[in-house]
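# Reading the structure
Letter by letter, the chains look like this.
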Amino acid sequence: MQNSFSESPLQKLEDELFHEKGIELYIKRDDLIHPHVQGNKWRKLKYNLQQARNNKQHTLLTFGGAYSNHIYATAAAARQFGFKAIGMIRGEEPAVKSATLQFAAEQGMELHYMSRETYRQKEDTTIIEILRMQMGEFYYVPEGGTNVFALQGVAEIISEIEIDFDYICTACGTGGTLAGLVAGLKGEKQVLGFSSLKGEDRLSGKVHELVEEYAGERFGDFSINFDYHFGGYAKVKPELIQFIKDFHRNHAIRLEPVYTGKLFYGLFDLIQRDYFPKDAKIIALHTGGLQGLTGFPELAELQNAKT
Ligand SMILES: *Cc1c(COP(=O)(O)O)cnc(C)c1O
């Protein structure tokens, strides 16, 4: 399951702020893994695809919104590895498809739309059973790709990092990526998640459950920050948009506003506020998702930028 996917580089970021505070920041560039199957979405799909193949399944069925990085990545991965893909999309069928859905359809993903109400119950076994009756056999990939096989793929990030470090930071949605990092570290170092969603008090519990299911034990070496969601999922503010533009100008690295923009905004703010001790070595995971820029006209200049 590896062809045309490259290992991601670890890049040291230079910034006046880091010198001033005496810290070092490295970015694990998972955005560079593949042009379409980027970042944590590839990490989470990798062993799910293998599992589907082991189970002799030819069709993947998954869920997501009209701008979902997971839908986009699953459509591209399914095509590349020879699976049929079905995307169950939240909400009514739009008059005009988003760029994300357009791409998914071009990759051959079959799109079906679910009312928001039904979508909320999508994880009920009865809904999955009804879908099996309607669509035939499939390998079920949960929304965001988050399940126990996802953790195995994310945990591999840790084994690729060859330097010593104190903290590893990631953006959080479902918490699957955070859980994978925690599982990979087995209680060492500190894992810091930045939630892109508002006050999800259940998120820590979910991360614990995922880690336990995967590793057979719990590790307490993580925390989740909820101070930088900017009003909730896919919500933005002018200062976040400005930060992403400045970051691109200063570092030639693109971020998007749903996940990675919030992560780096929060991380820079915490560094500014002396959250990290002097001499701390921090790794920030660039989880990719750059296709999501198509949902933000105010960042159109970044959509087609080379770096
Ligand atoms: C999906 C996604 C996340 C969130 O990952 P979870 O495993 O759901 O917490 C973070 N960053 C990007 C770019 C994503 O696409």
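Residues numbered from 1 in each chain as written. Predicted model: local features only at pLDDT ≥ 70, side-chain atom pairs only at ≥ 80, totals over all residues. Heavy atoms only, no water.

Near the ligand you find 15 residues, and of these Lys41, Lys44, Thr174, Thr177 and Thr287 are the closest. Between the ligand and the protein, one listed contact pairs an oxygen atom with a side-chain N or O atom of asparagine 40 at 2.9 Å. Take asparagine 69: an N or O atom from its side chain is 2.7 Å from an oxygen atom of the ligand. Burial of the ligand by the protein amounts to 98% of the accessible area it has alone, namely 380 Å². Every element with two or more residues in the shell around the ligand is listed here: helix H2 (39–54), strand E7 (167–172) and helix H8 (176–185). Of the residues forming the shell around the ligand, the biggest block, three residues, is contributed by H2. A per-class count over the shell around the ligand returns three nonpolar, 10 polar and two charged. In terms of domain composition, the shell around the ligand takes at least three residues from each of domain 1 (10–36 + 147–303) and domain 2 (40–145). (Near = heavy atom within 4 Å. Polar contact = N/O pair within 3.5 Å; in protein donor to acceptor, adjacent residues only side chain to side chain. Areas by Shrake-Rupley, 256 points an atom, 1.4 Å probe, with all protein chains shown as cover. Helix = DSSP H or I, 4+ residues; strand = E, 2+ residues; numbered from the N terminus. Nonpolar A, V, L, I, M, F, W, Y, C, P; charged D, E, K, R; others polar. Domains from an automatic or database assignment.)

The next subject is the domain arrangement of the protein. As assigned here, the protein comprises domain 1 (10–36 + 147–303) and domain 2 (40–145). Between the C-alpha centres of domain 1 and domain 2 there is a distance of 25 Å. If you look at the interface, domain 1 gives 23 residues, while domain 2 gives 22 residues. Approximately 2,000 Å² of surface area, both sides summed, lies buried where domain 1 meets domain 2, with 51% of it carried by carbon and sulfur atoms. By the criterion of area lost to domain 2, the three top residues of domain 1 are His36, Phe149 and Gln291, representing 30% of everything that side buries. Run the count over domain 1 and domain 2 and you get three salt bridges. One salt bridge connects glutamate 156 with lysine 46, and the closest N-O pair in it is separated by 2.8 Å. When residues in the side of domain 1 that touches domain 2 are grouped by element, the largest group, eight residues, is from helix H7 (residues 148–160). Per-class residue counts for the side of domain 1 that touches domain 2 are six nonpolar, 13 polar and four charged. (Contact = heavy atoms within 4.5 Å. Buried area = accessible area lost by both parts, 1.4 Å probe. Salt bridge = Lys/Arg side-chain N within 4 Å of Asp/Glu carboxyl O.)

Let us now look at helix H10 (residues 238–251). With 14 residues, H10 should cover 20 Å at 1.5 Å per step; its first-to-last C-alpha distance of 20 Å lies within 8% of that length. All of the buried residues in H10 are Leu240, Ile241, Phe243, Ile244, Phe247 and His251. Down the axis, H10 shows its buried residues gathered within 160° of arc, on one side only. For H10, exposure combined with an orientation more than 90 degrees from the buried face picks out Pro238, Arg249 and Asn250. At the C-terminal side of H10, alanine 252 shows a positive phi close to 55°. (Expected span 1.5 Å × (residues − 1). Buried < 20%, exposed > 50% of the residue type's maximum accessible area, 1.4 Å probe, protein only. Arc of directions from axis to C-beta.)

Pairing is mixed across the open sheet formed by six strands, whose spatial order is E1-E2-E10-E7-E8-E9. Strands with a single pairing partner mark the edges of an open sheet, and in this sheet they are strand E1 (10–13) and strand E9 (222–225). The sheet shows a mean angle of 25° between the axes of neighbouring strands, direction not considered. Of the pairings in the sheet, the one linking E7 to strand E10 (residues 281–286) comprises three bridges and is parallel in character. When the bridges of E10 are listed, cysteine 169 appears paired with alanine 284. (Pairing = 2+ DSSP bridges. Axes fitted to C-alpha atoms, helices over the stretch in contact; angles between N-to-C directions.)

This part covers helix H3 (residues 69–81). Look at H3: 18 Å from first C-alpha to last across 13 residues, which is about the 18 Å you get at 1.5 Å a residue. The element H3 is largely enclosed, with a buried count of 11 among its 13 residues. Of all the positions in H3, only Asn69, His70, Ile71, Tyr72, Ala73, Thr74, Ala75, Ala76, Ala77, Ala78 and Phe81 are classed as buried. Looking at the buried positions of H3, the neighbouring elements they touch are H2, strand E3 (59–64), strand E4 (84–90), helix H4 (99–106) and strand E6 (139–141). The residue sitting at the N-terminus of H3 and contributing the capping side-chain oxygen is serine 68; that oxygen lies 3.1 Å from the backbone nitrogen of histidine 70.

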